[in-house]
Amino acid sequence: MKIQPLLDKLASPARRAILSTGVTTLEGLSRMSRDEIAALHGIGKNALQLIEATLEEYGLFLAKGD
């Protein structure tokens, strides 16, 4: 599933942060942990909540951290 539906919901800093990872699909993003995404410059609490909610809409969840 393309990542565009998520990017459309995010503010520019969060969008740039996600794009900087090179991930192009929601499945790819779901392989990252909450801590990995939260550590990206431009990802705040609201963006993280939007990411998790959007993934959940598609039956996906963030990977478990270490």
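Our structure is the block above this text.
Since the structure is predicted, the reported quantities are computational estimates derived from the model, not experimental observations. Per chain, residues are indexed from 1 in the order of the written sequence. Given that the model is predicted, a residue must reach a pLDDT of at least 70 before its local features are reported, and side-chain atom pairs must reach 80 or more before they are shown or counted; all residues, however, enter totals for whole chains, interfaces and linings. Excluded from the side-chain calculations are hydrogens and water; all other atoms, namely the structure's heavy atoms, are used.

On to the overall build of the protein chain. Regarding its fold elements, the protein chain presents five helices and zero strands. Helices (α) and strands (β) of the protein chain occur, in sequence order from the N terminus, as α-α-α-α-α. Compactness check: the protein chain gives a C-alpha radius of gyration of 10 Å against a globular reference of 11 Å for 66 residues, within 12% of the reference. Scored against the burial criterion, the 66 residues of the protein chain give a buried share of 36%. Taking the contacts inside the protein chain whose residues are at least 6 apart along the sequence as the reference set, 56% of them involve residues at least 24 apart. Per-residue and other accessible areas were derived by the Shrake-Rupley procedure at a 1.4 Å probe size, with only the shown protein chains allowed to occlude residues. Accessible area of the protein chain: about 4200 Å², with a carbon and sulfur share of 52%. One way to put it: in the protein chain the 8 positive side-chain charges average out to a point 5 Å from where the 8 negative ones average out. Each helix is a run of DSSP H or I of at least 4 residues and each strand a run of E of at least 2, with the numbering of both proceeding from the N terminus. For a compact globule the rule gives 2.2 Å times the number of residues to the power 0.38, and the radius of gyration it is set against comes from C-alpha atoms. For every residue, the accessible area (1.4 Å probe, protein chains only) is compared with the maximum for its type, and the residue is labelled buried under 20%, exposed over 50%, or partly exposed between those bounds. Residues are treated as being in contact if the distance between any of their heavy atoms lies within 4.5 Å. His is not counted, nor are the chain ends, whereas Lys and Arg count as positive and Asp and Glu as negative. Charged groups are reduced to one reference atom each: NZ for lysine, CZ for arginine, CG for aspartic acid, CD for glutamic acid.

This brings us to the nonpolar core. By size, the foremost hydrophobic cluster in this structure holds 20 residues, and its most contacted members are I3, L10, I18, L29, I37, I43 and I51. For this core, the secondary structure elements donating two or more residues are α1 (4–7), α2 (12–20), α3 (26–30) and α5 (45–57). Sort the elements by how many residues they give to this core and α5 lands first, with four residues. Leave out the neighbours within four places in its chain, and I43 touches A14, A17, I18, I37, A38, L48 and I51. The term nonpolar core refers to a set of buried residues drawn from Ala, Val, Leu, Ile, Met, Phe, Trp, Tyr and Cys, joined through side-chain atoms within 4.5 Å.

This paragraph deals with the pattern of salt bridges. Within this document, salt bridges are pairs made up of a side-chain nitrogen of Lys or Arg and a carboxyl oxygen of Asp or Glu, the two lying within 4 Å of each other. Enumeration according to the criterion identifies two salt bridges in this entry. Between K9 and E57 there is a salt bridge; the shortest N-O distance is 3.0 Å. Residue K9 is located in the loop between α1 and α2, and its partner E57 is located in helix α5; the two are separated by 48 residues in the primary sequence. On the basis of relative accessible area, K9 is assigned to the partly exposed category, the value being 36%.

A word on the side chain of S30. Looking at where S30 falls in the secondary structure, it is placed in helix α3. For S30, a relative accessible area of 13% translates into the label buried. N or O atoms within 3.5 Å of each other form a polar contact, as long as, within protein, one can give a hydrogen and the other can take it, and as long as residues adjacent in sequence are counted only when both atoms are side-chain atoms. At 2.6 Å, the side chain of S30 forms a polar contact with the backbone oxygen of E27. Filtering out sequence-adjacent residues up to four positions away, S30 remains in contact with L55, L60, F61, L62 and A63.

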